[in-house]
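What follows is the residue order along each chain.
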Amino acid sequence: MDQKPLCSATYFGDGATSEVCPTLFFYLVYSLELLFTDLSSWRAEVDEAPVFWQGDFHGAMNFAAVLEAPVLFICRNNGYAISTPAHEQFKGDGVVCKGQAYGVRSFRVDGNDALAVYATVKAARKMAVEESRPILIEALTYRVGHHSTSDDSGKYRKGDEMHHWKTMRDPVVRLRRWLEGEGWWDSDADQQLRAETRNEVIAAMQRAGPRMKQPLANLFTDVYDTIPSHLRQQEKELRSTVARHRQDYPFDVPL
Amino acid sequence: MGGRRASLPLVSRLCTSVKPRNNWVQKRSFITAKDLVVEEQPSGEEEKRAVTNKLNLFSAVNQALLTVLESDPKSYVFGEDVGFGGVFRCTTGLRDRFGKHRVFNTPLCEQAILGFGIGLASMGNRAIAEIQFADYIFPALDQIVNEAAKYRYRSGNLFNCGGLTVRAPYGAVGHGGHYHSQSPEAFFCHVPGIKVVIPRSPAQAKGLLLASIRDPNPVVFFEPKMLYRMAVEEVPVDDYTLPLSSAEVMRKGSDITLVGWGAQLTLMEQACDEASKEGISCELIDLRTLIPWDKELVEASVNKTGRLLVSHEAPLTGGFGAEIAASITESCFLRLEAPVSRVCGLDTPFPLVFEPFYMPTKNKILDAIKASVKF
């Protein structure tokens, strides 16, 4: 088996978004560390775990530092949390300086520079694993799009600000230009990849579209590891209701 | 606010008076929201009350907040993204009108939003905190339970945070999934010291919110998000309150009593309509305040009809319907002709794709009405 040292990553999205993040992920990994002395091929999955100024963040940082856990805290600071800009979210020099207060070595990187982010995370991971310590990385970027389909960010920020970042600072364009400069990419390859990918996505959507959704039984599974009797009873009652009033229920959910 | 005051820390600017005892029961004269009047103002008081505007729920909430901010210089509205109007537009225009020191965004931390609000209220201000979705209220639960609810009690009434009102959108919206659909009212109904209020419509929302804000106790006010745009009603333009801890009989009946709150009442009304076609006369009650609830009115109704059905979106087990059922069974046992019926959400996390199956639908309610009547 592969002997890979264990390292876990917790990803905080959007600088200060509104979802609560438990650093459940950190606690999970830590407990796994205790259980598995053979730290082989187990790789932590990075899960998007947004939020920031919730108490969770402070608890997690402090625990990680005190318990000397090899955890990467990656913050993608994109300047906004829905309509709230960073300067209404915190004072002081962003996120990176907060790590120092917890005794966590912290880095700030240009989040729109793919190579810089890669290099930073690689170095941080090495440090975390070899020195058994948490590392905080703040990747600075800018949220070009709206927060969600229900959001119109023109209501709280200027069009030329968005335009600037979209055109002058786009990270994908930057990486592409660098690849082109190295002679590893060109516009023909770009067009071809775009066309292929588009077709792949469309094909996948066409396959998925007419598919039925999950069967009704899945409404009751995974609440617990096994289905307790009161849920079995509720399932029974629901099924008889559905039988009596089929028109109330979507037809793409198989019973 | 400019000049010297603006350079003071925010806390100093807000705490303009320090009073250990707060007297919230005060007579005030209120300015009506003149810019929202569409018809000519008649002269008499009663005629004035008759002037209404067709408003949806978020506009009615907006009007209530406008009224409070206009009439009380020590009232503040704050929360995530309230500055630009809020994700449901309830605070539209307020920051522009009253300024950033009265209507302001907070950092993303519900625990601190509540802690800050409790502190603000304890210093004699009206603190109107917005929690962006009721699903996010849980980090603030410790502040609500262990601070706000116990503030008056633990100080022997030397201090209180009665000026605190917490508003949060709750309930199913069709596509909200686990974290944008929850109805957490039952958690709060278990906490002595706070009040829980839930309006069913725009006119109810304005009156109940004004009453909640002015009530000398901390209030958690859940707004049915499904109704923000969908519900439209004639809402009086003037300043009015509706009484807390007072349920309302929406329709009289004689065969069965139905009790609900918020958006669920719309479905219950439809079920009542269909039941009446089959000769079943339903009495429908909007509880409005969940704690302290209007037990007397519900008891009187059940003593008349002999049957009770409670319906709510929140999961069945431990939902507030359980409390009503237990309480009415205790007080009306010999009068009951059938067990108390509860038509509620399932005991699962609120699902995404399976939402239509999870919800207590009109037909589920109707089936339960008929089962109760036939018991």
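Here the structure is a predicted model, which means the values were calculated and not measured. (Residues numbered from 1 in each chain as written. Chains lettered and ligands numbered in written order. Predicted model: local features only at pLDDT ≥ 70, side-chain atom pairs only at ≥ 80, totals over all residues. Heavy atoms only, no water.)

Caption draft 1: Region of interest: the overall build of chain A. Tallying secondary structure elements over chain A gives eight helices and six strands in all. When the helices and strands of chain A are read in sequence order from the N terminus, they spell out β-α-α-β-β-β-α-β-α-β-α-α-α-α. With 255 residues in all, chain A has 36% of them scored as buried. For chain A, the share of sequence-separated contacts (at least 6 apart) that also reach a separation of at least 24 residues comes to 70%. Carbon and sulfur atoms make up 56% of the accessible area of chain A, which totals about 15,000 Å². (Helix = DSSP H or I, 4+ residues; strand = E, 2+ residues; numbered from the N terminus. Buried < 20%, exposed > 50% of the residue type's maximum accessible area, 1.4 Å probe, protein only. Contact = heavy atoms within 4.5 Å. Areas by Shrake-Rupley, 256 points an atom, 1.4 Å probe, with all protein chains shown as cover.)

Caption draft 2: Focus on the overall build of chain B. The number of helices and strands found in chain B is 16 helices and 14 strands. For chain B, the proportion of its 375 residues judged to be buried stands at 59%. Within chain B, contacts between residues separated by at least 24 positions form 81% of all contacts whose residues are at least 6 apart in sequence. For chain B, the accessible surface area stands at approximately 14,800 Å², while carbon and sulfur atoms represent 55% of it.

Caption draft 3: Representation of the sheet that holds strand β12 (residues 289-291) of chain B. Residues and elements named next belong to chain B. If you walk across this open sheet you meet the seven strands as β3-β2-β4-β5-β7-β6-β12, and the pairing is mixed. Bordering the open sheet on either side are β3 (103-105) and β12, each of which pairs with just one other strand. Averaged over all adjacent pairs, the angle separating strand axes in this sheet is 20°, with direction ignored. As paired strands, strand β4 (residues 126-130) and strand β5 (residues 164-170) are joined by four bridges and run parallel to one another. Looking at β5, one finds that I128 is bridged to T165. Packed onto the sheet, helix α6 (residues 110-122) meets β2 (75-79), β3, β4 and β5 and runs at close to 175° relative to β2. (Pairing = 2+ DSSP bridges. Axes fitted to C-alpha atoms, helices over the stretch in contact; angles between N-to-C directions.)

Caption draft 4: Focus on the UniProt feature "domain: Dehydrogenase E1 component" (unreviewed entry) in chain A. Cross-referencing UniProt, the feature "domain: Dehydrogenase E1 component" (unreviewed entry) maps to residues 54-209 of chain A in the present numbering. Summarising residues 54-209 of chain A: 51% helix, 15% strand, and an end-to-end C-alpha distance of 38 Å. (UniProt positions renumbered as here; feature names shortened; annotations may be inferred.)

Caption draft 5: The arrangement of the interface of chain A and chain B in detail. Every contact between the two is made by 39 residues of chain A and, on the other side, 33 residues of chain B. At the boundary of chain A with chain B, total buried surface from both sides reaches about 2,800 Å², with 61% on carbon and sulfur atoms. Three residues, E88, L219 and Q234 of chain A, lead the burial of chain A against chain B; their summed loss comes to 19% of the area buried on that side. Note that D367 of chain B is salt-bridged to R244 of chain A, the shortest N-O span being 2.8 Å. The interface formed by chain A and chain B includes ten residue pairs in polar contact (both at pLDDT 80 or more). Broken down by element, the side of chain A that touches chain B gets its largest block of residues, seven residues, from helix α8 (residues 229-244) of chain A. (Buried area = accessible area lost by both parts, 1.4 Å probe. Salt bridge = Lys/Arg side-chain N within 4 Å of Asp/Glu carboxyl O. Polar contact = N/O pair within 3.5 Å; in protein donor to acceptor, adjacent residues only side chain to side chain.)

Caption draft 6: Local environment of the packing of aromatic side chains. On inspection of all chains with the given rule, the structure shows 19 aromatic pairs over all chains. Pairwise contacts between aromatic rings join Y80, Y142, Y156 and W165 of chain A together with F84 of chain B into one cluster. Directly above the ring of Y80 of chain A sits R157 of chain A, whose terminal nitrogen or CZ lies 5.0 Å from the centroid. Between the NZ or CZ atom of R169 of chain A and the centre of the ring of W165 of chain A, over which it lies, the distance is 4.3 Å. (Phe/Tyr/Trp six-rings, centres within 6.5 Å; stacked < 30°, edge-to-face > 60°. Lys NZ or Arg CZ within 6 Å of the ring centre and 35° of its normal.)

Caption draft 7: View of the packing of helix α12 (residues 264-277) of chain B against helix α16 (residues 362-374) of chain B. All names here are of chain B. The contact between α12 and α16 brings their axes to 9 Å, and the two run at 50°. Our classification of the angle between α12 and α16 gives oblique. Judged by the sense of rotation from one axis to the other, the crossing of α12 with α16 is right-handed. Between α12, through Q264, L267, M268, Q270, A271, E274 and A275, and α16, the contact on the second element is made entirely by K362, I365, L366 and I369. Partitioned by chemical class, the residues of the contact of α12 with α16 number seven nonpolar, two polar and two charged. (Parallel < 35°, antiparallel > 145°, perpendicular 65-115°, else oblique. Left-handed = near helix turned anticlockwise from the far one by under 90°. Nonpolar A, V, L, I, M, F, W, Y, C, P; charged D, E, K, R; others polar.)

Caption draft 8: Geometry of the packing of α6 of chain B against helix α7 (residues 141-148) of chain B. Residue and element names in this part refer to chain B. At a closest axis distance of 8 Å, the pairing of α6 and α7 adopts a crossing angle of 25°. In terms of orientation, α6 lies roughly parallel with respect to α7. Mapping the contact onto sequence places Q111, L114, G115 and I118 in α6 and Q143, I144, E147 and A148 in α7. Per-class residue counts for the contact of α6 with α7 are four nonpolar, three polar and one charged.

Caption draft 9: Spatial organisation of the nonpolar core. Residue and element names in this part refer to chain B. The biggest cluster of nonpolar side chains holds 52 residues, and the ones touching the most others in it are F222, W261, L287, F320 and I324. There are two domains that each give this core at least three residues, and those are domain 1 (7-36 + 50-236) and domain 2 (248-374). Setting aside residues up to four positions removed in sequence, F222 forms contacts with A134, A168, Y170, P184, E185, F188, V196, V197, I198 and P199. (Core = buried A, V, L, I, M, F, W, Y, C linked by side-chain atoms within 4.5 Å. Domains from an automatic or database assignment.)

Caption draft 10: The pattern of salt bridges, seen in detail. Residue and element names in this part refer to chain B. The tally for this structure, following the rule as stated, stands at 28 salt bridges over all chains. The residue D72 makes a salt bridge to R126 at a minimum N-O spacing of 2.7 Å. In this pair, D72 is assigned in the loop between α4 (57-71) and β2 and R126 in strand β4, connecting sequence segments 54 residues apart. The two residues D72 and R126 agree in class, both being buried. The closest approach of N and O atoms between R200 and E248, which form a salt bridge, is 3.2 Å. Of the two residues, R200 is situated in the loop between β6 (195-197) and α10 (202-214) and E248 in strand β9 (residues 248-251); the sequence distance between them amounts to 48 residues. Judged by its relative accessible area of 18%, R200 falls in the buried class. One salt-bridge network, in which partners are shared between bridges, spans R200, E248, D286 and R288.

Caption draft 11: Quick look at helix α4 (residues 114-131) of chain A. Residue and element names in this part refer to chain A. Under the 1.5 Å per step criterion, the end-to-end length of α4 is 25 Å for 18 residues, consistent within 8% with the ideal 26 Å. Buried residues of α4: T120, A124, M127, A128 and V129, and no others. Each element contacted by the buried residues of α4 is listed here: β2 (71-77), β5 (105-110) and β6 (135-140). Where α4 begins, one side-chain oxygen reaches toward the backbone nitrogen of L115, 3.1 Å away; that side chain belongs to D113. Where α4 ends, the next residue or the one after it, S132, has phi of about 45°, a positive value. (Expected span 1.5 Å × (residues − 1).)

Caption draft 12: Broad picture of the sheet that holds strand β11 (residues 282-286) of chain B. Residues and elements named next belong to chain B. With mixed pairing, the five strands of this open sheet are ordered in space as β9-β11-β10-β13-β14. Lying at the two open borders of the sheet, with one neighbouring strand each, are β9 and β14 (341-345). Strand-to-strand twist across the sheet, computed as the mean angle between neighbouring axes with direction ignored, equals 25°. Direction of pairing for strand β10 (residues 256-260) relative to β11: parallel, over a ladder of five bridges. Counted as the bridge partner of I256 is C282 from β11.

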